[in-house]
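Read off the chains here:
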Amino acid sequence: MANTKEKDAASRGSWSVSNDDDNNPHRFDFDLDRGIRIQVVEKLGTSPFLPLNKNVGPQTSGIYALYFQNKLVYIGKASKGTTKSKRTLRARLSEHVSKISGRRNITLVDMRCRYLTFGSEWWVFAAEFALIAHYSPEWNESGFGSKTPGAGRPGTHRVGKWNKLFPPRTKPE
């Protein structure tokens, strides 16, 4: 016979078999992370490759993928409406062009990109997270992006992995 708590739940139209969710054969949670990841990975795979150069990409928010020698190495975002920088895809990709152009051991000929735009700024963040979780791109933890943990901060002498692989070009004297 059901206890009072179970009878009360049944009368409200809900039913709980157990508080132990891990062992509850009736419990179901939607895996939105997996659903988003599957869709965004599929859509990015159909986005055309473009050469990485100044003025590539639209002046809107979105996510982008950078490829070095045909290998996906970086996933980034540009969120015009929800970040302090207010950068667009075009602005963010152009920043990467400038950074790469000033480095040794790499040229823009080695680089390609893809991008996706979304109807909502929220999806930009969700898609970037999903793609990074799926691909684990090498440069996302190398110091390539705009936020390098510790490197370049006053009082530290840390040099990121990306800066070691692709040091700045020395200016002719």
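Here the structure is a predicted model, which is why all the values come from computation and not from measurement.

J.: Explain the sheet that holds strand S1 (residues 50-51) to me, and be specific about the residues and the numbers.
T.: Across the sheet, which stays open at both edges, the four strands sit in the order S1-S4-S2-S3 with antiparallel pairing between neighbours. One side of each edge strand has no neighbouring strand; the edge strands of this open sheet are S1 and strand S3 (71-78). Judged from the two bridges that link them, S1 and strand S4 (residues 111-116) form a sheet pairing that is antiparallel. Along S4, the bridge assignment pairs Pro-51 with Arg-112. Each of strand S2 (62-68), S3 and S4 touches helix H2 (residues 32-46); the most contacted strand, S4, lies at about 130° to it.

J.: Any chance you could break down helix H4 (residues 121-135) for me, citing the residues and the numbers?
T.: With 15 residues, H4 extends 22 Å between its outermost C-alpha atoms, agreeing within 8% with the 21 Å of an ideal straight helix rising 1.5 Å per residue. Of all the residues in H4, the buried ones are Val-124, Ala-126, Ala-127, Glu-128, Ala-130 and Leu-131. Buried residues belonging to H4 abut H2, S2 and S3. Looking at the residues trailing H4, positive phi occurs at Ser-136, about 45°.

J.: Go over the packing of aromatic side chains with me, naming the residues and quoting the values.
T.: Here the structure, examined in full by the defined rule, presents 11 aromatic pairs. Summarising the aromatic geometry, the rings of Phe-68 and Trp-139 are spaced 5.7 Å apart at their centres and angled 35° between planes, so their arrangement reads as tilted. With Phe-68 in strand S2 and Trp-139 in the loop between H4 and helix H5 (161-165), this residue pair connects regions lying 71 residues apart in the sequence. Its relative accessible area of 13% is what places Phe-68 among the buried residues. Judged by relative accessible area, Trp-139 falls into the buried class, the value being 2%. Between the aromatic rings of Trp-162 and Phe-166, the centroid separation amounts to 5.2 Å while the plane-to-plane angle is 50°, which identifies the pairing as tilted. Note on Trp-162: relative accessible area 0%, which makes it buried.

J.: So what about the nonpolar core? Which residues, and what values?
T.: Of all hydrophobic cores here, the largest spans 19 residues; its most connected members are Leu-52, Leu-66, Met-111 and Trp-139. Listing elements by their share of this core, those giving two or more residues are S2, S3, helix H3 (89-101) and S4. Examining the composition of this core, we find that four residues originate from one element, H3, more than from any other. Of all hydrophobic cores here, the second largest spans 15 residues; its members include Val-41, Leu-72, Leu-116 and Leu-131.

J.: Can you explain a nonpolar patch on the surface? Please cite residues and give values.
T.: On the surface, Phe-28, Phe-30 and Leu-32 cluster together into a nonpolar patch covering about 430 Å² of accessible area. Looking at the secondary structure, you find Leu-32 in helix H2.

J.: How would you summarise the pattern of salt bridges if you had to cite specific residues and measurements?
T.: Per the stated rule, a full pass over the model turns up six salt bridges. Notably, a salt bridge pairs Lys-71 with Glu-138, separated by 3.2 Å at the nearest N-O pair. You can see Lys-71 sitting in strand S3 and its partner Glu-138 sitting in the loop between H4 and H5, a full 67 residues away along the chain. Exposure remark for Lys-71: the relative accessible area of 46% places this residue in the partly exposed category. With a shortest N-O distance of 3.2 Å, Glu-128 and Lys-77 are connected by a salt bridge. With Glu-128 in helix H4 and Lys-77 in strand S3, this pair connects stretches of sequence that are 51 residues apart. One network of salt bridges, in which partners are shared, links Lys-71, Glu-138 and Lys-161.

Conventions used here
- Residues numbered from 1 in each chain as written.
- Predicted model: local features only at pLDDT ≥ 70, side-chain atom pairs only at ≥ 80, totals over all residues.
- Heavy atoms only, no water.
- Pairing = 2+ DSSP bridges.
- Helix = DSSP H or I, 4+ residues; strand = E, 2+ residues; numbered from the N terminus.
- Contact = heavy atoms within 4.5 Å.
- Axes fitted to C-alpha atoms, helices over the stretch in contact; angles between N-to-C directions.
- Expected span 1.5 Å × (residues − 1).
- Buried < 20%, exposed > 50% of the residue type's maximum accessible area, 1.4 Å probe, protein only.
- Phe/Tyr/Trp six-rings, centres within 6.5 Å; stacked < 30°, edge-to-face > 60°.
- Core = buried A, V, L, I, M, F, W, Y, C linked by side-chain atoms within 4.5 Å.
- Patch = residues over 30% accessible without salt bridge, like charges linked within 9 Å, V, L, I, M, F, W, Y side chains within 5 Å.
- Areas by Shrake-Rupley, 256 points an atom, 1.4 Å probe, with all protein chains shown as cover.
- Salt bridge = Lys/Arg side-chain N within 4 Å of Asp/Glu carboxyl O.

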